[in-house]
Amino acid sequence: MIRGHEAVQALFREALRHGRLAHAYLLVGKPGIGKRLLARELAQALNCERPGYPPDGACLSCRKIRDLNHPDVIEVEAETKTLKVDQVRELCAQLRYRPFEGRTKVAVLAEAERMNAAAMNALLKTLEEPPPDTVLVLTALSLESLLPTVISRCQVVRVQPLPTAVVEEMVMEQMKVERSEARLLAVLSEGSLGKALSLDREFFLEGRRQIISRFLKLPAGAATAILDYAEELARLREDPEEVMDVFQSLYRDLLLFKEGIASTIHTDLAPAVQAAAEATSPEAILTGLERIERARRRLRQNANPRLTLAALTLALKGVPGASLESP
Ligand SMILES: [Zn+2]
């Protein structure tokens, strides 16, 4: 059963009920939020022995689709970084045949942004005139790298990140962890169950605690101590974005405290976080969040992690002249 995507499910349900299903959908949203599951659920509904939406999930057809074992539901994903033209051609060739076992053929093309231009062009004709009883569902992280001709032939459906509470519940169920730990992972994952499940738990439980408690204890303006700390941070993780996740969660907690809401993330550090919140102005917290976001963007653009972390911690700790623009 899919949780947290009621809006998309309602859209599919209404389209089915009124016989207005598009020939091609493009599900766009962050990784790990369930786009492919939604595509599969639509495929189930189109072939379920008891028509309607949501599908029963229990009949032979639904189970075959769930197990990726249904001859009329074809899923394609990139075998390497690029989804190649041959894969698309093969998919289009398979779609020329009538449904073999079910009522509707469904092609799920995951991570469509990985198609190169040749692959996208090969898909255009099928997108424009799909064979009868065929539905295509493309998923993508963003529209940016897709040809406008591909986008315009699909009904674009924005898939939102999952609500934190939903991720929390699912993490508890799937990882068998305590609620406080599940909540921490859920908040850090920003609505992506996939990310929550793949986070390094040890780092985000123990490492996070150390990063934050040491950060809070650093005296403001003590440039040398702050730089030593930043140096350690840079060595700590291969992926400096994880350190950004920790800082972001801290500043979000500070903001919540300012609004009179007790910490929901760093419950194990609540007294220290609360004291820091009391000592910091709301403006400084907001500026801090902006700085963290900017540092994250710079890291994604391959900025030097050591310099970026040093500039960020100096700026957050109020060292005059520290700026992310000139680390
Ligand atoms: Zn069924």
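Note that the coordinates shown come from a computational prediction; the quantities given were computed from them, not determined experimentally.

(A) Structural detail: the coordination of the zinc ion. Coordination of the zinc ion by the protein comes from Cys48 (SG), Asp56 (OD), Cys59 (SG) and Cys62 (SG), over a distance range of 2.0 to 2.2 Å. Given 4 donor atoms and angles of 95 to 121° at the metal, the environment of the zinc ion is assigned as tetrahedral. Summarised as a motif, the one-chain spacing of the donors to the zinc ion is C-x7-D-x2-C-x2-C.

(B) Representation of the sheet that holds strand E1 (residues 24-28) within the structure. Across the sheet, 5 strands lie side by side as E2-E3-E4-E1-E5; this open sheet has parallel pairing. Both edges of this open sheet fall to strand E2 (73-76) and strand E5 (155-158), since each of them pairs with a single strand only. Taking each pair of neighbouring strands and ignoring which way they run, the sheet shows an average axis angle of 20°. Pairing of E1 with E5 involves 4 bridges; the strand directions are parallel.

(C) Molecular detail of the packing of aromatic side chains. Counted under the stated rule, the structure contains 6 aromatic pairs. Centroid distance Phe12 to Tyr25: 5.1 Å. Interplanar angle 80°. Geometry classified as edge-to-face. Residue Phe12 is found in helix H1 (residues 6-17), and its partner Tyr25 is found in strand E1; the two are separated by 13 residues along the sequence. Phe12 sits in the buried class, given a relative accessible area of 0%. Consider the rings of Phe203 and Phe204, whose centres lie 4.7 Å apart with planes at 70°: the pair is edge-to-face. No difference in accessibility class separates Phe203 from Phe204, as the two residues are buried. Three or more aromatic residues joined by ring pairs form one cluster here, namely Phe215, Tyr229, Phe247 and Tyr251. Taking NZ or CZ as reference, Lys317 lies 4.8 Å from the ring centre of Phe215, over its face.

(D) Expanded view of the nonpolar core. In this structure, Val171, Phe247, Tyr251 and Leu254 are the most contacted members of the largest nonpolar core, which totals 49 residues. Residues contacting Tyr251, with those up to four places away along its chain left out, are Phe215, Ala284, Ile285, Gly288, Leu289, Ile292 and Leu316. Counting 28 residues, the second largest nonpolar core, distinct from the first, contains Leu83, Met115, Leu123 and Leu124.

(E) View of unusual backbone geometry. Note the cis peptide between Tyr53 and Pro54, where omega equals 0°. Of note, Pro54 is situated in the loop between helix H2 (35-47) and helix H3 (60-66). The phi dihedral of Leu68 falls on the positive side, at around 55°, and the residue is not glycine. Structurally, Leu68 is set in the loop between H3 and E2. Although it is not a glycine, Asn302 sits at a positive phi angle of roughly 65°. On the secondary structure map, Asn302 appears in the loop between helix H14 (282-300) and helix H15 (305-316).

(F) Highlighting the pattern of salt bridges. Per the stated rule, a full pass over the model turns up 30 salt bridges. A salt bridge links Arg3 to Glu173, with the nearest nitrogen and oxygen atoms 2.9 Å apart. Note that Arg3 is positioned in the segment before H1 and Glu173 in helix H7 (residues 164-175), a separation of 170 residues in sequence. Its relative accessible area of 28% is what places Arg3 among the partly exposed residues. The partly exposed category is assigned to Glu173, whose relative accessible area is 39%. Linking Arg50 and Asp56 is a salt bridge whose minimum nitrogen-to-oxygen distance equals 2.6 Å.

(G) Representation of the side chain of His266. Among the secondary structure elements, His266 is positioned in the loop between helix H12 (240-258) and helix H13 (270-279). Residues within four places of His266 in sequence aside, it is in contact with Leu184, Arg208, Ile212, Ser249, Leu250, Asp253 and Val273.

(H) Seen up close, the side chain of Asp245. As for its position among the elements, Asp245 is in helix H12. For Asp245, a relative accessible area of 6% gives the class buried. Residues in contact with Asp245, not counting those within four places in the same chain, are Leu188, Lys195, Phe204 and Arg296.

(I) Inspection of the pairing of E1 at higher detail. Along E1, 5 of the 5 residues are buried, which leaves the element largely enclosed by surrounding structure. Judged by which residues are buried, E1 turns out to be covered on both faces: Ala24, Leu26 and Val28 on one side and Tyr25 and Leu27 on the other are all buried. Looking at chain direction, E1 and strand E4 (residues 134-140) are connected through 5 bridges and run parallel. Note on E4: the bridge partner recorded for Val28 is Ala140.

Rules behind the numbers
Residues numbered from 1 in each chain as written. Predicted model: local features only at pLDDT ≥ 70, side-chain atom pairs only at ≥ 80, totals over all residues. Heavy atoms only, no water. Donors = N, O, S within 2.8 Å, 3.2 Å for Na, K, Ca; no water. Tetrahedral: all angles 85-135°; square planar, octahedral: opposite > 155°, others 65-115°. Pairing = 2+ DSSP bridges. Helix = DSSP H or I, 4+ residues; strand = E, 2+ residues; numbered from the N terminus. Axes fitted to C-alpha atoms, helices over the stretch in contact; angles between N-to-C directions. Phe/Tyr/Trp six-rings, centres within 6.5 Å; stacked < 30°, edge-to-face > 60°. Buried < 20%, exposed > 50% of the residue type's maximum accessible area, 1.4 Å probe, protein only. Lys NZ or Arg CZ within 6 Å of the ring centre and 35° of its normal. Core = buried A, V, L, I, M, F, W, Y, C linked by side-chain atoms within 4.5 Å. Contact = heavy atoms within 4.5 Å. Salt bridge = Lys/Arg side-chain N within 4 Å of Asp/Glu carboxyl O.

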